[in-house]
Amino acid sequence: MGEFNAVSKIELSRKLSNTGCEQFLLSPAFQDQDPLMLGNLDYQSLPSGINVHVANMLEQENAQCSTEIEPSVCVCVLLEGIIEFSLDQTTYSISAKQGPRVFAYANNKTVMFMRRLVENNKVKKVNISVSQEWLQQRLRSFSYLGSNVSLFEKDIVVKEWPCDLQTLHQCEQFFEHRNDESIFIDLYCEQYALTLFNESVKYLLNGSYLEHTGKQCPSRLPLRGFEKKVDAFIFTKHGGAEIAKQLGTSLSTLQRYFKEHHRVTLSDYLRTKRLEAARHALLFEGKTIGEVAYMVGYNHSSNFVSAFKKHFNQTPTELVKQHAEFKN
């Protein structure tokens, strides 16, 4: 597996945020630095609109991570381990114990996705996902397929099939080039992802492969609470009392909720979210330290720098410099 890295709640949040997934709920609650996984976990959003997720890790805790996903198609090549996930009220379990497997799902509406982590479960996989719009633009006869192929007939379709040698070879390319610093690495990654996804879509559209029916299990899916509503106040200077008033609830109710679900106070939750948003703006929006400090509610840049260093163990300047050196 190479170098082992501990992936904490805050690190997982950061990786997901960098791919555009801003909202996720983890249960049971964990402290920001609690290790959830050990190994290598990479998310990458390619310029072409393809999202690539490569993992080779040992899950350290029993937990559930859930988020909303827009209409999309996702292909997963599971090389080792077991993956259990839910789409709305249906749970699916895929195992590679008898050899590598490939599965894919298409959700034609916005759904709640939940991935279950299992202590001591070693997972090695490659995920390729695209939006439904992305696929629609590339299938010339999408409207025709919509009335004739089950992939586009239902709200959710899940299929599974054996992994052939060609697919195995394509997946290994992602792991072999994981630490490649070549200027062409994004091109290579995009080439492998397109090839893998193209072959998988053929299986998805093949009527000879039966759908994976899954199991109805509504109680397994955690319900979303105040996170999304509170996150709307990240770029304001509102404190807990004012936020509670705006949401039509009491401050004590909000405090109890975040203590129960995140093991932090409401103030700590907001500070973490604001600093994560600041980090994202520094790295991907080209904003200055002063602009970012004001954006997330700090009147003085020095206070922002101190809070940033305490949270990330490096100053904003050090972060930007490190990112620039990595790109070069």
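Note that this is a predicted model, so its numbers are computed, not measured.

Draft legend 1. The arrangement of the packing of aromatic side chains in detail. Scanning all chains against the criterion turns up 13 aromatic pairs. Aromatic side chains Tyr105 and Phe113 sit 6.1 Å apart centroid to centroid with 25° between the ring planes, which places their arrangement in the stacked category. Of the two residues examined, Tyr105 and Phe113, each falls in the buried class. With a centroid separation of 4.5 Å and 45° between ring planes, the pair formed by Phe258 and Tyr269 is classed as tilted. You can see Phe258 sitting in helix 8 (residues 251-262) and its partner Tyr269 sitting in helix 9 (residues 266-284), a full 11 residues away along the chain. Comparing Phe258 with Tyr269, the two get one shared label, buried. Pairwise contacts between aromatic rings join Phe85, Tyr92, Phe103, Tyr105 and Phe113 into one cluster. When the ring centre of Phe175 is taken as reference, the NZ or CZ atom of Lys124 above it lies at 4.7 Å.

Draft legend 2. Geometry of the state of the cysteines. Enumeration according to the criterion identifies zero disulfides in this entry. Unpaired in this structure, Cys163 has its nearest cysteine sulfur neighbour in Cys171, at a distance of 5.9 Å.

Draft legend 3. Region of interest: the pattern of salt bridges. Considering all chains together, one arrives at eight salt bridges under this definition. Here Glu84 makes a salt bridge to Arg116, at a shortest N to O gap of 3.4 Å. One end of the pair, Glu84, is in strand 7 (residues 82-87); the other, Arg116, is in strand 10 (residues 111-117), with 32 residues separating them in the sequence. When its relative accessible area of 29% is taken as the criterion, Arg116 is described as partly exposed. One salt bridge connects Asp88 with Lys109, and the closest N-O pair in it is separated by 3.3 Å. Taken as a pair, Asp88 in the loop between strand 7 and strand 8 (90-95) and Lys109 in the loop between strand 9 (101-107) and strand 10 lie far apart in primary sequence, 21 residues in all.

Rules used in this analysis
- Residues numbered from 1 in each chain as written.
- Predicted model: local features only at pLDDT ≥ 70, side-chain atom pairs only at ≥ 80, totals over all residues.
- Heavy atoms only, no water.
- Phe/Tyr/Trp six-rings, centres within 6.5 Å; stacked < 30°, edge-to-face > 60°.
- Buried < 20%, exposed > 50% of the residue type's maximum accessible area, 1.4 Å probe, protein only.
- Helix = DSSP H or I, 4+ residues; strand = E, 2+ residues; numbered from the N terminus.
- Lys NZ or Arg CZ within 6 Å of the ring centre and 35° of its normal.
- Disulfide = S-S within 2.5 Å.
- Salt bridge = Lys/Arg side-chain N within 4 Å of Asp/Glu carboxyl O.

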